[in-house]
Amino acid sequence: NNKRLENQTCIVTGSSAGIGSAIAKALGCGGANVVVNYRKSKAEAEEVAHWIDNNADCGEALVLKGDVSKEEDVKNLFKKTIDHFGTVDVLVANAGVQIDHKLHEMPLEAWKKVIDVNLTGQFLCAKEAIIEFLRRGMRPDVSKSLGKIIHISSVHEEIPWAGHSNYAASKGGLLLLMESICQEYASSKIRCNSIAPGAIKTEINKEVWSSKEGMEQLLKLIPYKRIGVPDDIGKVASWLASDESEYINGTSIFVDGGMTCYPGFSSNG
Ligand code: NAD
């Protein structure tokens, strides 16, 4: 059913580009209304929204600015969404940053910035989503769940990452945030899960895939021998937001071509 998200409203944070934009489009194609949140790039966010608005299968798109690490911005993002669409059914907390330093050289600001966006930002968005789900109550004609939260995590919620300890700590923290939300709100029929992408071709890792050598090194880490594309994540997010995955709760879905299967231990790799 390609209209499996019809009459539902989804907020996708950081969706002007990269994985977020693919998720916004995929949810839109499921018939959902989509809030395209951006922090800086308004023009790019509007392009994503136009794509959704011009696609006959999609719901309506709304572009909203907001920094997920700021409580006022997050409250405002939800308030404007609810004013416009009436409620929120799905939160995809996707916004994330990577600021790399060796640990002994890492400025406190680089640590704080990554935790503020990747972990505190996810908390702030999940909190507002849960407040709205509980306020609104069930809509059995629309979904079997009260609401769905999808955190965009990373294989680095599991794989340690030298030179990126702030990023790995933020995603490791996100794993237990997601599981705790599940434990706390599952009886209210809220589903909370994560998608943990492997290497997906976006701006965040351009330095790695833009050179032949970087790409060769990267493919050694991917048993399936191709880099991921944002659509790989969009498709899973759309399914995970829908009732087709109704009984999935409190789990991380790895979308990584096998990266978490330790290809370094393969004898024919
Ligand atoms: P990206 O840099 O293209 O996208 C990140 C988006 O988040 C950007 O649009 C950016 O503007 C937005 N953003 C950053 N800080 C924000 C803030 N404070 N408030 C609102 N928006 C903000 O990178 P991407 O690869 O598309 O990353 C998306 C998510 O996927 C991130 O959480 C990232 O950690 C995760 N991820 C990416 C990969 C990968 O290989 N690309 C792998 C694992 C996980």
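Just above, that's the structure.
Source: prediction; values computed, not measured.

J.: Please clarify how the overall build of the protein should be interpreted in this entry.
T.: A count of helices and strands for the protein gives 8 helices and 7 strands. Each principal axis of the C-alpha atoms in the protein carries an extent, and together these give about 50 × 40 × 40 Å. Across the 269 residues in the protein, those meeting the buried criterion constitute 51%. Here the analysis covers contacts within the protein between residues at least 6 apart in sequence; of these, 74% occur between residues at least 24 apart. For the protein, the accessible area works out to roughly 13000 Å², and carbon and sulfur atoms hold 53% of it. In the protein, 30 side chains carry a positive charge and 34 a negative one; their mean positions are 1 Å apart.

J.: How should the packing of aromatic side chains be read in this particular structure?
T.: When we look at a pair of aromatic rings, we describe it by the centre distance and by the angle of the planes. Across all of its chains, the model carries 1 aromatic pair by this definition. When the ring of Trp 161 is compared with that of Tyr 167, the centres are 5.7 Å apart and the planes differ by 70 degrees; the resulting orientation is edge-to-face. Exposure remark for Tyr 167: the relative accessible area of 10% places this residue in the buried category. Above the ring of Trp 209, the side-chain terminus of Lys 201 is found at 4.9 Å from the ring centroid.

J.: Can you help me understand the site of the ligand in this one?
T.: Neighbouring the ligand are 27 residues, the closest being Asp 67, Asn 94, Tyr 167, Ile 200 and Thr 202. At 2.8 Å from a nitrogen atom of the ligand is found a side-chain nitrogen or oxygen belonging to Asp 67. At a separation of 3.0 Å, an oxygen atom of the ligand approaches a polar side-chain atom of Asn 205. With the chains in place, 92% of the 820 Å² that the ligand exposes on its own is no longer accessible. Elements with a contribution of two residues or more to the shell around the ligand: α1 (18-29) and α5 (165-185). In terms of residue class, the shell around the ligand is built from 11 nonpolar, 12 polar and 4 charged.

J.: Just checking my understanding: could you explain the side chain of Asn 193 for this structure?
T.: Along the chain, Asn 193 turns up in strand β6 (residues 190-197). For Asn 193, a relative accessible area of 1% translates into the label buried. At 2.9 Å, the side chain of Asn 193 and the backbone nitrogen of Gly 250 are in polar contact.

J.: Please explain the packing of helix α4 (residues 108-136) against α5 as it appears in this structure.
T.: Axis angle and axis distance: for two packed helices, these are the angle between their axes and the distance between the axes, and together they describe the pair. Put simply, α4 and α5 touch, their axes get as near as 8 Å, and they point 15 degrees apart. On the basis of the axis angle, α4 is roughly parallel to α5. Taken as a pair, α4 and α5 cross one another with a handedness that is right-handed. Contacts between α4 and α5 pair Ala 110, Trp 111, Val 114, Ile 115, Asn 118, Leu 119, Gln 122, Phe 123, Ala 126, Ile 130 and Leu 134 from the former with Ser 165, Asn 166, Tyr 167, Ala 169, Ser 170, Lys 171, Gly 173, Leu 174, Leu 177, Ile 181 and Tyr 185 from the latter. Among the residues making up the contact of α4 with α5, the classes are represented as 15 nonpolar, 6 polar and 1 charged.

What counts and what doesn't
Residues numbered from 1 in each chain as written. Predicted model: local features only at pLDDT ≥ 70, side-chain atom pairs only at ≥ 80, totals over all residues. Heavy atoms only, no water. Helix = DSSP H or I, 4+ residues; strand = E, 2+ residues; numbered from the N terminus. Buried < 20%, exposed > 50% of the residue type's maximum accessible area, 1.4 Å probe, protein only. Contact = heavy atoms within 4.5 Å. Areas by Shrake-Rupley, 256 points an atom, 1.4 Å probe, with all protein chains shown as cover. Lys, Arg positive; Asp, Glu negative; His and termini not counted. Charge placed at Lys NZ, Arg CZ, Asp CG, Glu CD. Phe/Tyr/Trp six-rings, centres within 6.5 Å; stacked < 30°, edge-to-face > 60°. Lys NZ or Arg CZ within 6 Å of the ring centre and 35° of its normal. Near = heavy atom within 4 Å. Polar contact = N/O pair within 3.5 Å; in protein donor to acceptor, adjacent residues only side chain to side chain. Nonpolar A, V, L, I, M, F, W, Y, C, P; charged D, E, K, R; others polar. Axes fitted to C-alpha atoms, helices over the stretch in contact; angles between N-to-C directions. Parallel < 35°, antiparallel > 145°, perpendicular 65-115°, else oblique. Left-handed = near helix turned anticlockwise from the far one by under 90°.

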